[in-house]
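Working through the structure, step by step
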Amino acid sequence: MEKLFLGFDAGTQSVKVSVYDASWKCRATYAKPTTLHTPKPDRVEMDPDEYVALTVEGIAACVREIRAKGLDPAQIQAVMGDGIICGICGVDAEGNAVTPYVNYLDSRTQEDCERINALNLPIWAAETGNPEALCLFPAMFARWFLANSPEFVEKGVKFMHNAPYILAHLAGLKGADAFIDWGTLSGWGLGYKVEEKCWSPEQLKILGIDERYMPRIVKPWDTIGTIGPEMARQTGLKEGTLVCAGAGDTMQSMLGSGVFSADKGVDVAGTCSMFCVSTQGIVPELSKKGTGLIFNSGTLKDTYFYWGYIRTGGLALRWFKDNICRKEGDSSYYRELSEGAANVKPGCNGVVFLPYLTGGSGPNAKLSGCFLNMTLKDDIFVAWRAVLEAIGYDYMEITDTYRKAGVALDTVTVTEGGSRDELWNQIKADMLASRVVRFRNAGGAVVTNCVFAALASGAIDEPIESLKRTIQLNAAYLPDEENTRLYRRLYDLKTRLVKTDMEKVFDTLVQMREE
């Protein structure tokens, strides 16, 4: 009987579920958008139970699809998912959420980060590779819940990420059974030993987080349970189907982009635009304060990477389509926007967009989103190209940091939804002065999860050869030297504008928002 594997990606903007066969051909797929709540300008919250409901709905839809193709859901050997690495909720003894799911878009902990960073402790960089606290770190959200959530203080027993929360519900686990894989562990930012893959009692004591709230650490392909009778009824899966521990979304996207060794660059063009570089371990030059980089461990043993980010990078694209163009629910409109923007000259006639729609972080905490330098001759396509270039300018700052540390970045792989945009990929090649490549499997995280479901079920002995089979070069984009020189000049001007010329402007804008 042909073996099938089910994977899901629980992202910021959507949940995607797919079924793949042993030749890594997609046999069924389903996706549905999530809901973001912004109760205050600096807060972004999600419903953990919506994640469960969307995943169950997606699994049921995929089961119906494979049945229609003459396949039996009993052929599905295991379920494996990935989720957001920088985000947590609190759960009670039954394993149910008692707090919202707060993720990396949220800035509520900015002042607390400043207090932690004022301690100037070397243990952070030595044990985690991250020299300072950032407001997107789950460690800081945990401190906030402990200080500000009566529900968690009264009922909370564990902190959990969104993929483990979903997987635990699929397997019918309780709060005491909470788990986290060793890659997602490093998404906490602080509180753990990245190379030993364990919690750090000393760090947790400094942070004021009792270790009893921390989930147990497992390997991504460990089996944490099976599908029970109720979930079998809701999803259509066979009772007893294996449920794996899951992994971090960025880690899986990197594997799905063919990154199995050090010194490879990947642009994860999702909601949070992330620029990642694989390494053999902590690189002191990249773990210095002020770089803005975050260090994580990968899904596979002894794999590591740094990443810089624009928190609302991909979200800015959706915001522009939905809120400005009023094309909510029409994903095809991205293509129309980019086709028009391809006729706009690089540099957008001087129009600049700042993509900080949920605020900045660290020394740039007061930044906000805005268009600058527009005239009557500018249209929606100029504005769209300005949004794309805005993310590219922030990427230029990140790649400059990597290159100063000796990482060449001659080639950059793009993955996730944004990688399908031809114009966007060419802009990146021009701005970063790098060859940009896209693989056939642009949404690499889900099929990567299916490969690990195969590993967990014993269908394969090791994952890398199977991962290589899922990857095929689809397109390459070479930098235009003239455009590269233009973008470097504009980058210098934009940097001066934001970091020097507009510093007092943002102070005033903050005051106006708070009136």
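Structure shown above.
Residues numbered from 1 in each chain as written. Predicted model: local features only at pLDDT ≥ 70, side-chain atom pairs only at ≥ 80, totals over all residues. Heavy atoms only, no water.

With respect to the pairing of strand β6 (residues 87-91)
Note the cut-off: Residue burial is assigned from relative accessible area. The probe radius is 1.4 Å, only protein chains are included, and a residue is buried under 20% of its type maximum, exposed over 50%, and partly exposed in between. Here a strand is any run of E in DSSP of at least two residues, a helix any run of H or I of at least four, and the numbering for each starts at the N terminus. Two strands qualify as a pair provided that DSSP identifies no fewer than 2 bridges between them.
The buried fraction of β6 is high, at five of five residues. Going residue by residue along β6, you find Gly 87, Cys 89 and Val 91 tucked away on one face and Ile 88 and Gly 90 tucked away on the opposite face as well. As judged from the two bridges shared by β6 and strand β7 (residues 101-103), these two strands associate in the antiparallel manner. Bridge pairing links Gly 87 to Asn 103 in β7. Bridging between β6 and strand β8 (residues 158-160) involves three bridges; their strand directions are antiparallel. Each bridged residue has a counterpart across the sheet, and for Gly 90 the counterpart in β8 is Phe 159.

Here's the deal with the sheet that holds β7
Across a sheet, strands are paired by hydrogen bonds formed along the backbone, either parallel or antiparallel in direction. What counts is decided by this rule: Contacts: residue pairs with any heavy atoms within 4.5 Å of one another. Angles run from 0 to 180 degrees between N-to-C directions of axes, and those axes are lines fitted to C-alpha atoms, restricted for helices to the stretch in contact.
Pairing in this open sheet of four strands is antiparallel, and the strands run β4-β7-β6-β8 from one edge to the other. For this open sheet the edge positions go to β4 (45-46) and β8, each flanked by a neighbour on one side alone. Packed onto the sheet, helix α4 (residues 138-148) meets β6, β7 and β8 and runs at close to 35° relative to β6.

Description of the nonpolar core
To keep it simple, the criterion reads: In these notes, a set of buried Ala, Val, Leu, Ile, Met, Phe, Trp, Tyr and Cys residues joined through side-chain atoms within 4.5 Å is what counts as a nonpolar core.
Core analysis: the largest hydrophobic core is formed by 133 residues, its most contacted members being Leu 136, Phe 159, Leu 170, Trp 188, Phe 275, Trp 307 and Tyr 402. For this core, the element with the most residues is helix α13 (residues 380-404), which contributes 13 residues. With sequence-adjacent residues up to four places away left out, Leu 170 is seen in contact with Phe 8, Val 56, Ile 59, Val 79, Thr 226, Ile 227, Gly 228 and Met 231. Counting 20 residues, the second largest nonpolar core, distinct from the first, contains Val 446, Val 447, Leu 455 and Ile 460.

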